[in-house]
Amino acid sequence: MKKKLIAGNWKMNGSLTSNEALLQALVAGVADKECLVAVCVPAPYLAQAQGLASGSGIDVGSQDVSQHESGAYTGELSATMLKDFGVRYAIVGHSERRQYHAESDALVALKAQRALASGITPIVCVGETLAEREAGQTEDVVKRQLAAVIHANGHCISEIVVAYEPVWAIGTGKTASPEEAQQVHAVLRGQLKAATQHADRVHILYGGSMNAANAKQLLSQDDIDGGLVGGASLKAPEFLSIIAAAC
Ligand code: 13P
């Protein structure tokens, strides 16, 4: 069985001082834990996180990556630059970027491709809005989002991580029930199986108000291979409880 992956998405939070305390507590808390742990930090703190997490088994991730290789793209972060800082994962297509930066399925697919080409594992986020769920469109939406990434990445698709993050569950305290989440994860697994014979290797994470109280049940579902954790990843004891539930 593959190890679960618990990734924290700090979003636009943190400071040199608070990061240091958080990372030191996480490094102390994850020693001898049998699962994969990552923190996706704001870009200015990649070097700090890399330094503090070095040798601890905690991987560092970014929250985005440019689809471009290099050049006149002010404000963008290239995959090779991220690689310079030891970045192992890059979140792509988070719903906050799809919503506030108008990122399309096609753009997300290119970002995933660029990450893979530099040896960075893209964490590809998919998920429906509340209106889409209520209209019975959940499966169609997540399949459309993942299909673009499969189409652009061909046989490399077994190298990605997928995160199912229902938009209505992000930062709201509302979680998909374990059964609701599993249903969508099974759809995504089926879609990956049609694209690669290594679909079982792919981690499919759940994200959306995961916390110490609900993690164990969510993580016990067949196709839930870990979590992408927002708010609860900013508090060391809470994040460590989620990690403990996964290990
Ligand atoms: P919350 O855990 O704060 O709901 O955020 C989830 C998320 O968006 C992780 O990427």
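Scroll up for the structure.
What counts as what
- Numbering of residues starts from 1 in every chain and runs along the sequence as written.
- Given that the model is predicted, a residue must reach a pLDDT of at least 70 before its local features are reported, and side-chain atom pairs must reach 80 or more before they are shown or counted; all residues, however, enter totals for whole chains, interfaces and linings.
- Heavy atoms from the whole structure form the basis of all side-chain values; hydrogens and water molecules are not counted.
- In this text, helices come from DSSP runs of H or I with a minimum length of four residues, and strands from runs of E with a minimum of two, each type numbered from the N-terminal end.
- Only C-alpha atoms enter the radius of gyration, while the globule expectation follows 2.2 Å times N to the 0.38, with N the number of residues.
- Whether a residue is buried, partly exposed or exposed follows from its accessible area with a 1.4 Å probe, protein chains only, as a fraction of its type maximum: under 20%, in between, or over 50%, in that order.
- Residue contacts follow a heavy-atom distance rule, with two residues in contact if any of their heavy atoms lie within 4.5 Å.
- Method for areas: the Shrake-Rupley scheme with a 1.4 Å probe, in which residue coverage is limited to the protein chains shown.
- The positive count covers Lys and Arg only, the negative count covers Asp and Glu only, and His and the chain ends enter neither.
- In this description, the location of a charge corresponds to atom NZ of lysine, CZ of arginine, CG of aspartate or CD of glutamate.
- Pairing of N or O atoms within 3.5 Å defines a polar contact, subject to two protein rules: one partner must be a possible hydrogen donor and the other a possible acceptor, and residues neighboring in sequence count only if both atoms are side-chain atoms.
- Think of a 1 Å grid over the protein atoms and nothing else: a 1.4 Å probe that fits but is trapped marks a cavity, an open set flanked by protein within 12 Å on at least five of seven lines marks a pocket, and residues with an atom within 4 Å of a point count as lining.
- Grid points are joined across faces, edges and corners, and a volume is the space filled by probe spheres set on the points.
- Lys, Arg, Asp and Glu make up the charged group, whereas Ala, Val, Leu, Ile, Met, Phe, Trp, Tyr, Cys and Pro make up the nonpolar group; the residues left over, Gly among them, are polar.
- Any helix carries an expected span of 1.5 Å times its number of residues minus one.
- We call Phe, Tyr and Trp rings a pair once their centres come within 6.5 Å, taking the six-membered ring for Trp, and we label the pair stacked below 30 degrees between planes, edge-to-face above 60, and tilted otherwise.
- Two conditions define a charge sitting above a ring: the NZ of Lys or the CZ of Arg must be within 6 Å of the ring centre, and it must be within 35 degrees of the ring normal.
- Pairs of cysteine sulfur atoms within 2.5 Å are identified as disulfides in what follows.
- Near, as used in this document, describes a residue that has one of its heavy atoms within 4 Å of the molecule or strand being considered.

Now for the overall build of the protein. A tally of regular secondary structure across the protein gives 10 helices and eight strands. In terms of C-alpha radius of gyration, the protein reaches 17 Å, essentially the compact-globule figure of 18 Å for 247 residues. Considering the protein as a whole, with its 247 residues, one finds that 51% of them fall into the buried category. Within the protein, contacts between residues separated by at least 24 positions form 72% of all contacts whose residues are at least 6 apart in sequence. Carbon together with sulfur atoms contributes 52% to the accessible area of the protein, which is approximately 10900 Å² in total. The average position of the 20 basic charges and that of the 25 acidic charges among the side chains of the protein differ by 2 Å.

A separate point is the side chain of T196. Residue position: T196 is located in the loop between α8 (178–195) and β7 (204–206). In this structure the side chain of T196 is engaged in a polar contact, spanning 2.9 Å, whose partner is the backbone nitrogen of H198. In this view, T196 contacts I157 and S158; residues no more than four positions away in its chain are not counted.

If you add up the space inside the largest pocket, you get close to 520 Å³. K11, M12, Q63, D64 and R97 are the residues nearest the centre of the largest pocket, which is lined by 19 residues in total. Broken down by class, the residue content of the lining of the largest pocket amounts to eight nonpolar, six polar and five charged.

Counted at 1.5 Å a residue, the expected span for helix α5 (residues 105–117) with its 13 residues is 18 Å, and the 19 Å between its end C-alpha atoms agrees. Every buried residue of α5 is listed here: D105, L107, V108, A109, K111, A112, A115 and L116. Here the buried face of α5 lies against α3 (79–84), β4 (89–92), α4 (95–100), β5 (121–126) and α7 (138–153). At the C-terminal side of α5, G119 shows a positive phi close to 80°.

Let us look at the packing of aromatic side chains. The tally for this structure, following the rule as stated, stands at one aromatic pair. Ring centres 6.3 Å apart and planes at 65° place the aromatic pair Y164 and Y206 in the edge-to-face group. Of the two residues, Y164 is situated in strand β6 (residues 161–164) and Y206 in strand β7; the sequence distance between them amounts to 42 residues. Judged by relative accessible area, Y164 falls into the buried class, the value being 0%. Directly above the aromatic system of Y89 lies the positively charged group of R88, at a separation of 4.6 Å from the ring centroid.

Right, let's talk about the environment of E238 for a bit. Examined against the element boundaries, E238 turns out to sit in helix α10 (residues 236–246). Residue classification places E238 among the partly exposed residues on the basis of a relative accessible area of 23%. In sequence terms E238 and A212 are 26 residues apart; their C-alpha atoms lie 5.7 Å from each other. If we ignore the near neighbours within four places in the chain, the residues touching E238 are N211, A212 and A232.

Here we take up the state of the cysteines. What makes a disulfide is a covalent bond joining the sulfur atoms belonging to two cysteines. On inspection of all chains with the given rule, the structure shows one disulfide. Cysteine C40 is unpaired, with the sulfur of C125 as its nearest cysteine sulfur at 8.9 Å. For C125, a relative accessible area of 1% translates into the label buried.

For the rest of this paragraph, the subject is the site of the ligand. What surrounds the ligand is the set N9, K11, H94, E165, A169, I170, G171, G208, S209, L228, G230 and G231. A distance of 3.0 Å is found between an oxygen atom of the ligand and a side-chain nitrogen or oxygen belonging to N9. Backbone polar atom of S209 to an oxygen atom of the ligand: 2.8 Å apart, as the coordinates give it. Burial of the ligand by the protein chains amounts to 94% of its free accessible area of 310 Å².

Quick look at the environment of R88 now. Relative to the elements of secondary structure, R88 occurs in the loop between α3 and β4. With 32 residues separating them in the primary sequence, R88 and I120 have C-alpha atoms 5.2 Å apart.

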